[in-house]
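# Coordinates in review
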Amino acid sequence: MAAGERWTMKDHKRASEFGGIVISIVTYNNEKLITGVLKNILKFSQGEDVRIVVYDNHSKDGTVKAVQSLGTAVELVQGQKNRGYGYGHNRIAERYPKASYYLICNPDLYMQDCLVRSFRRYFEKHPQIGLLTPQVFYPTGKRQYMCRKNPKVIDLFSRYFLCWRRKGWAARRRRMHEMRGCDYRKSFEVEHATGCCMMVRGNVFRLIGGFDEGYFLYFEDADITRRINAVSRAVYYPESAVTHLWTRGSYHSLRLALVAVRSAIRYFHKWGWELW
């Protein structure tokens, strides 16, 4: 535990022996959504051996109070500085070092079914799988194509500078990167799973050392999927679905766009500058 972090539940020994499923959420200024998101998770995880844990990255709004309003149903840690997405999830995993699975969820995500039970059962039948990711939809019901190929430099360029193109090579490149040629009604292996919702086998998460905390935000999901695929398998499993209120912050904020570019540079420096 980093200096200054405050946990709402002090029984660390009990946490360190917990062998069930940890649902891990990292928040930052999510006051308007987080209560509904957590209530949704509580509803769809009933009957499963779960701990719901929120790591708050020093929110400036009422996020902390909103989480606290749910009482002991949710464990909360208050960070004293925003150290990023992967950092928060890693601190939760450290507190629960014997968890069977870590379900990584965004704070703008709603389950449509008993995803926890569905994923757990599939994991138990397929021990070679280290990561599962579900179908993802917009609130309108439109699909989000969140299974992707490993990023290339051209994909970054197309995403941020040619996102308005609906035809031509840029559009074809995006379709290929988003694996739109695959049948999203069936299961398939994934090179880059979305960080908005992924369930990782506990021993695999610990084997690879969790998230690379050098990424503040963006590309950490591409990085961890790649490392998981090196020791196990990452799989898209369409029997469960979530609704994601994806706002694409890096498209509308210069600051977040710069964060994305910085993360991309780290990713390509680490994995190689594949242009195409």
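Look a little higher up for the structure.
Residues numbered from 1 in each chain as written. Predicted model: local features only at pLDDT ≥ 70, side-chain atom pairs only at ≥ 80, totals over all residues. Heavy atoms only, no water.

## Here we look at the overall build of the protein
- Within the protein one finds eleven helices and ten strands.
- For the protein, whose C-alpha radius of gyration is 18 Å, the value lies close to the compact-globule estimate of 19 Å for 276 residues.
- Seen along its three principal axes, the alpha-carbon backbone of the protein occupies a region of about 55 × 40 × 35 Å.
- Sorting the 276 residues of the protein into buried and exposed places 56% on the buried side.
- For the protein, the exposed area adds up to about 13000 Å²; of that, 54% sits on carbon and sulfur atoms.
- Side-chain charges in the protein split into 45 positive and 25 negative, and the spacing between the mean points of these groups amounts to 5 Å. (Helix = DSSP H or I, 4+ residues; strand = E, 2+ residues; numbered from the N terminus. Rg over C-alpha atoms; globule rule 2.2 N^0.38 Å. Buried < 20%, exposed > 50% of the residue type's maximum accessible area, 1.4 Å probe, protein only. Areas by Shrake-Rupley, 256 points an atom, 1.4 Å probe, with all protein chains shown as cover. Lys, Arg positive; Asp, Glu negative; His and termini not counted. Charge placed at Lys NZ, Arg CZ, Asp CG, Glu CD.)

## Considering the nonpolar core
- Core analysis: the largest hydrophobic core is formed by 37 residues, its most contacted members being Ile23, Leu38, Leu103 and Leu132.
- In contact with Leu132, other than residues within four places in its own chain, are Phe119, Tyr122, Phe123, Cys197, Met198, Met199, Val235 and Tyr237. (Core = buried A, V, L, I, M, F, W, Y, C linked by side-chain atoms within 4.5 Å. Contact = heavy atoms within 4.5 Å.)

## A short note on helix α2 (residues 31–44)
- For α2, the full list of buried residues reads Ile34, Val37, Leu38, Asn40, Ile41 and Phe44. Buried residues of α2 fall within an arc of 160 degrees about the axis and therefore sit on the same side. Opposite the buried face of α2, at more than 90 degrees from it, the exposed residues are Lys32 and Lys43.
- Tucked into the core, α2 has its buried residues touching β2 (21–27), β3 (50–56), α3 (63–68) and β6 (109–111). (Arc of directions from axis to C-beta.)

## Here's the deal with the side chain of Arg51
- Note on placement: Arg51 falls in strand β3.
- Despite being buried, Arg51 has no salt bridge partner; Glu75 is the closest side chain of opposite charge, sitting 5.1 Å away.
- A polar contact of 3.3 Å, which involves the side chain of Arg51, links it to the side chain of Tyr96.
- Ignoring anything within four residues of it in the chain, the contact list for Arg51 reads Arg14, Ala15, Phe18, Ile21, Val22, Ile23 and Tyr96. (Salt bridge = Lys/Arg side-chain N within 4 Å of Asp/Glu carboxyl O. Polar contact = N/O pair within 3.5 Å; in protein donor to acceptor, adjacent residues only side chain to side chain.)

## Quick look at the pattern of salt bridges
- Under the definition given, this model contains 16 salt bridges.
- One salt bridge in this structure joins Lys98 and Glu17, with 3.1 Å as the shortest N-O distance. Of this pair, Lys98 sits in the loop between α4 (85–95) and β5 (101–105) while Glu17 sits in helix α1 (residues 12–17), and the two are 81 residues apart along the sequence.
- Take Lys98: its relative accessible area is 46%, and that puts it in the partly exposed class.
- For Glu124, the salt bridge is made with Arg120, and the minimal N-O distance between the two is 3.1 Å. Of this pair, Glu124 and Arg120 both sit in helix α5 (residues 115–125), four residues apart, which is roughly one turn of the helix.
- When salt bridges that share partners are traced, they join Asp212, Asp223, Arg227, Arg266 and Lys270 into one network.

## Some thoughts on the environment of Phe119
- Structurally, Phe119 can be placed in helix α5.
- Overall, the relative accessible area of 0% leaves Phe119 in the buried class.
- Each C-alpha atom, one on Phe119 and one on Leu132, is 7.1 Å from the other, the two residues being 13 residues apart in sequence.

## Here we look at the packing of aromatic side chains
- All chains considered together, the criterion is met by 17 aromatic pairs.
- Relative to Tyr96, the ring of Phe18 has its centre 5.8 Å away and its plane inclined at 85 degrees; by these criteria the two rings are edge-to-face. Highlighted residues: Phe18 in the loop between α1 and β2 and Tyr96 in the loop between α4 and β5, separated in sequence by 78 residues. One exposure class covers both Phe18 and Tyr96, and it is buried.
- Ring pairing ties together the aromatic residues Phe219, Tyr267, Phe268, Trp271 and Trp273, which thus form one cluster.
- Across the ring face of Tyr87, the terminal group of Arg91 is positioned such that the distance to the ring centre comes to 4.4 Å.
- Over the aromatic face of Trp276 sits the side chain of Arg173, whose NZ or CZ is 5.1 Å from the ring centroid. (Phe/Tyr/Trp six-rings, centres within 6.5 Å; stacked < 30°, edge-to-face > 60°. Lys NZ or Arg CZ within 6 Å of the ring centre and 35° of its normal.)

## Examining a nonpolar patch on the surface
- A grouping of Val261, Ile265 and Trp273 is seen on the molecular surface, where their side chains present a nonpolar patch of about 300 Å² in accessible area.
- Assignment of secondary structure puts Trp273 in the segment after α11 (254–271). (Patch = residues over 30% accessible without salt bridge, like charges linked within 9 Å, V, L, I, M, F, W, Y side chains within 5 Å.)

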